[in-house]
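# Descriptive structure summary
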Amino acid sequence: MDAQPESKPRLRQIELTLRSTERFDVPQSDGYSVYSALLALLQSADDEVSQRVHDSEIGSLHISGLTGPFGGGNRSHHKRVLPNEEYTLSLGITDPEDEAIFEALVSGLVLTDEPLELTHGQLRIDSFESENTTHKTLLTEANNLNDPTIEITFQTATCIEEAGSVTTMFPTRGAVFGSLLGKWNNTAPELELDVSRETLAESVIEKPDARSYDTHSVLVNRVDDPDGGTQPIFRQGFSGTCGYAFKNASDSVVNAVTVLALFAEYSGVGSAVARGCGAVSVEVTEQ
């Protein structure tokens with residue numbers, strides 16, 4: 001884990017608060033709908049950036065989906081947005097060219113005061129806050145922590161593909177930190193971390209909160225079928241809270257796992273993170 005100077009990439013985290021003046025339904029798993037709405041806004045602001053986000057292999061855009069008070073929806077598998085209630089939406093950007101994505105989002109959401117157009121209604125932006133850091137800064141933060149423990153709350157369905165399209169249904173150390181390791185090394189190859197699954201298995205202990213655990217099947221895409229219609233694509237995953245501690249781990253492994261945890265709020269965990277999956281909150285504490 002050789003921390004060399006870097007100018008790029010920067011990591012950004014954006015938090016929006018939104019409100020609606022009307023009631024309307026959104027899917028129980030609203031990440032795909034929100035992703036489509038944001039992509040439409042990006043396209044109107046900068047079509048090239050929108051296409052890059054859509055085609056990105058490294059999951060450059062991470063979207064949490066909507067958080068807030070919902071009522072019961074009129075449609076099955078739907079919930080209802082309530083008028084004048086506050087909803088939050090978090091986004092993380094890890095693309096090496098993140099500045100263009102950020103500027104397009106600002107242009108589409110803030111400068112032009114465009115609403116977020118969902119299928120059955122719209123949400124207007126109340127506030128837009130952002131913060132940024134670098135991979136190197138996260139490395140320094142992790143290195144400065146003494147005997148850390150990690151707690152990750154998997155806020156939305158977390159879909160980690162272990163073999164082909166088969167996903168794991170529990171936040172095992174190998175699956176969670178293996179996913180984050182791939183995202184880190186793809187976005188910061190000059191700061192590559194080298195930790196094997198075997199080392200993770202030997203050095204990290206899971207401490208799950210069984211009461212918080214749940215499983216999900218969520219819509220992440222629609223593809224054209226031969227009959228001219230569309231075919232929904234679902235992914236399976238889990239949510240809940242899990243702590244991670246270390247056992248006989250070297251300093252380099254502790255630092256690597258800790259920095260991956262800090263990185264998770266920017267990148268999301270697992271697949272389909274642009275479509276609302278894998279949103280997490282992370283708490284790292286010292287003993």
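Residues numbered from 1 in each chain as written. Predicted model: local features only at pLDDT ≥ 70, side-chain atom pairs only at ≥ 80, totals over all residues. Heavy atoms only, no water.

## Details of the nonpolar core
Ranked by size, the top nonpolar core spans 36 residues in total, and within it Ile-152, Phe-154, Val-176, Phe-177, Trp-184 and Tyr-244 carry the most contacts. Put simply, the parts of the chain that give this core at least two residues each are helix H4 (135-143), strand E9 (148-158), helix H5 (173-187), strand E14 (230-246), helix H7 (251-267) and strand E15 (280-286). Leaving out residues up to four positions away in the same chain, Val-176 has contacts with Ile-152, Phe-154, Ile-160, Pro-171, Tyr-244 and Val-269. Formed by 34 residues, the second largest nonpolar core is a distinct cluster that contains Val-26, Phe-102, Ala-104 and Leu-109. (Core = buried A, V, L, I, M, F, W, Y, C linked by side-chain atoms within 4.5 Å. Buried < 20%, exposed > 50% of the residue type's maximum accessible area, 1.4 Å probe, protein only. Helix = DSSP H or I, 4+ residues; strand = E, 2+ residues; numbered from the N terminus. Contact = heavy atoms within 4.5 Å.)

## Things to note about the sheet that holds strand E2 (residues 24-27)
Taken together, the three strands give an open sheet; going across it, the order is E2-E5-E4, and neighbouring strands pair in antiparallel fashion. In this open sheet, the two edge strands, each paired with only one partner strand, are E2 and strand E4 (70-72). Here the average twist between neighbouring strands, direction ignored, is 50°. (Pairing = 2+ DSSP bridges. Axes fitted to C-alpha atoms, helices over the stretch in contact; angles between N-to-C directions.)

## Thoughts on empty space enclosed by the protein
For the coordinates displayed, the defined rule picks out one cavity of 30 Å³ or more. Each pocket or cavity is described by its volume, and for the largest cavity that value is around 50 Å³. If you trace the largest cavity, you find it lined by Phe-170, Pro-171, Pro-208, Asp-209, Tyr-213, Phe-238, Ser-239, Gly-240, Thr-241 and Cys-242. Counting residues per element, the lining of the largest cavity draws most heavily on E14, at five residues. Of the residues contributing to the lining of the largest cavity, the split by class is six nonpolar, three polar and one charged. (1 Å grid on protein atoms, 1.4 Å probe; cavity = no way out; pocket = protein on both sides within 12 Å on 5 of 7 lines; lining within 4 Å. Points joined across faces, edges and corners; volume = space filled by probe spheres on them. Nonpolar A, V, L, I, M, F, W, Y, C, P; charged D, E, K, R; others polar.)

## Structural notes on the pattern of salt bridges
Should the charged atoms of two oppositely charged side chains come close, the side chains can pair. Counted according to the given criterion, the structure contains nine salt bridges. The salt bridge involving Asp-25 is made with Arg-80; its shortest N-O contact spans 2.9 Å. Here the residue Asp-25 occupies a position in strand E2, and Arg-80 occupies one in strand E5 (residues 78-81), the gap between them amounting to 55 residues. Both residues of the pair, Asp-25 and Arg-80, count as buried. Counted as one network, the salt bridges with shared partners bring together Arg-19, Glu-86 and Asp-126. (Salt bridge = Lys/Arg side-chain N within 4 Å of Asp/Glu carboxyl O.)

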